[in-house]
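Examination of the molecular architecture
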Amino acid sequence: MRKRLAAGNWKMNGTSGSLSELEALAAAHPAPSVEVLICLPATLIERASRRAEGSAIAIGGQDCHAAASGAHTGDIAATMLVDAGASAVIVGHSERRTDHAETSAHVAAKAIAAQSAGLTAIICIGETLQEREAGTTLSVLDDQLAGSLPDGADAGNTVIAYEPVWAIGTGLTPTIDQIDEVHRHLRARLAARGLADIAILYGGSVKGSNAAEIFAVEDVDGALVGGASLTAADFSPIVTALEAS
Ligand code: 13P
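Everything numeric here is computed off the predicted structure, so don't read it as measured data.

**Some details on the site of the ligand**
Close to the ligand lie 13 residues; K11, H93, G169, S205 and G227 are nearest. One nitrogen or oxygen atom from the side chain of N9 is found 3.0 Å from an oxygen atom belonging to the ligand. Interatomic distance of 2.8 Å between a backbone N/O atom of G227 and an oxygen atom of the ligand. Considering the ligand on its own, with 310 Å² of exposed area, one finds that the protein chains cover 94% of that surface. When its residues are assigned to classes, the shell around the ligand shows 4 nonpolar, 7 polar and 2 charged.

So this is what it looks like as structure tokens:
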């Protein structure tokens with residue numbers, strides 16, 4: 001049985017007043033049949049973890065440094081996220097690959113740090129629009145997956161998120177056939193490494209209105225959601241759709 005996960009990524013959004021959304025989400029899903037995770041700005045993780053205690057909502061970070069500690073101003077170590085109450089962390093999001101010039105080698109090193117600290121590493125990969133239009137989507141994803149997924153990854157410590165860069169925050173989504181093609185391909189690549197049971201999330205403009213058809217794709221095990229994870233009203237229907245799939 002693969003993990004089924006509805007994950008939110010608040011990105012650089014949210015202050016203490018936003019934490020009531022987590023409580024509303026927890027109240028709407030007291031005993032979900034899928035895992036529910038919200039990845040928060042670092043400033044909110046400890047408070048959110050306290051407020052989510054006893055609920056079914058897990059708390060995660062959005063990035064970690066590859067090193068355990070040291071002279072890295074502004075960065076956060078995986079062990080610090082654990083200390084603040086996180087159980088997972090996103091690594092290799094396309095916004096970090098672009099804004100911070102992170103390579104797949106950096107991402108693999110961060111994933112190792114996360115896994116060593118006891119966090120689930122949510123490793124993101126995805127093609128740009130130019131790459132899709134050039135017909136290189138699957139080879140780009142192969143390179144990113146091979147470069148970002150470290151040895152030692154397993155279904156307990158790793159989740160893959162397929163997030164086409166052009167679908168993030170744009171309201172555009174691939175067709176169901178395109179999602180199916182990519183997820184099937186990624187499953188085969190994971191299977192070739194003996195890792196077929198690692199969950200693969202889809203991310204990019206997931207909403208309550210399109211979640212059910214995306215979750216009906218066999219190799220989609222959940223979603224990584226940006227904008228529609230910011231309020232309980234928007235995220236709750238996505239959790240419900242995953243439970244029903
Ligand atoms: P949106 O759901 O806002 O498109 O963002 C997706 C994403 O980047 C999640 O990590």
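**A short note on the environment of G14**
Mapped onto the fold, G14 is located in the loop between strand 1 (5–9) and helix 1 (19–28). C-alpha separation for the pair G14 and L40, spaced 26 residues apart in sequence, amounts to 8.0 Å. Dropping the residues within four chain positions of it, G14 is found in contact with P41 and L44.

**Considering the nonpolar core**
Ranked by size, the top nonpolar core spans 61 residues in total, and within it L40, I160, F215 and F235 carry the most contacts. Per-element tally for this core: the top contributor is helix 10 (residues 232–244), with 6 residues. Filtering out sequence-adjacent residues up to four positions away, F235 remains in contact with A6, A7, G8, L25, V36, I38, V225, A228 and S229.

**A look at the pairing of strand 7 (residues 199–203)**
The buried count for strand 7 comes to 5 of 5 residues, which makes it a mostly enclosed element. A two-sided burial pattern is seen for strand 7, the buried positions comprising A199, L201 and G203 on one face and I200 and Y202 on the other. Here strand 6 (residues 158–162) pairs with strand 7 via 4 bridges, running parallel. Its bridge partner lying in strand 7, A161 is registered against L201. Handedness of the crossover is the feature at issue here: the chain leaves strand 6, passes through helix 8 (residues 176–192), returns alongside strand 7, and the resulting connection is right-handed. One ladder, built from 2 bridges, connects strand 7 with strand 8 (residues 222–225); its direction is parallel. In the strand pairing of strand 8, Y202 is matched with A223.

What counts and how
Residues numbered from 1 in each chain as written. Predicted model: local features only at pLDDT ≥ 70, side-chain atom pairs only at ≥ 80, totals over all residues. Heavy atoms only, no water. Near = heavy atom within 4 Å. Polar contact = N/O pair within 3.5 Å; in protein donor to acceptor, adjacent residues only side chain to side chain. Areas by Shrake-Rupley, 256 points an atom, 1.4 Å probe, with all protein chains shown as cover. Nonpolar A, V, L, I, M, F, W, Y, C, P; charged D, E, K, R; others polar. Helix = DSSP H or I, 4+ residues; strand = E, 2+ residues; numbered from the N terminus. Contact = heavy atoms within 4.5 Å. Core = buried A, V, L, I, M, F, W, Y, C linked by side-chain atoms within 4.5 Å. Buried < 20%, exposed > 50% of the residue type's maximum accessible area, 1.4 Å probe, protein only. Pairing = 2+ DSSP bridges. Right-handed = clockwise from strand over helix to strand, strands pointing away.

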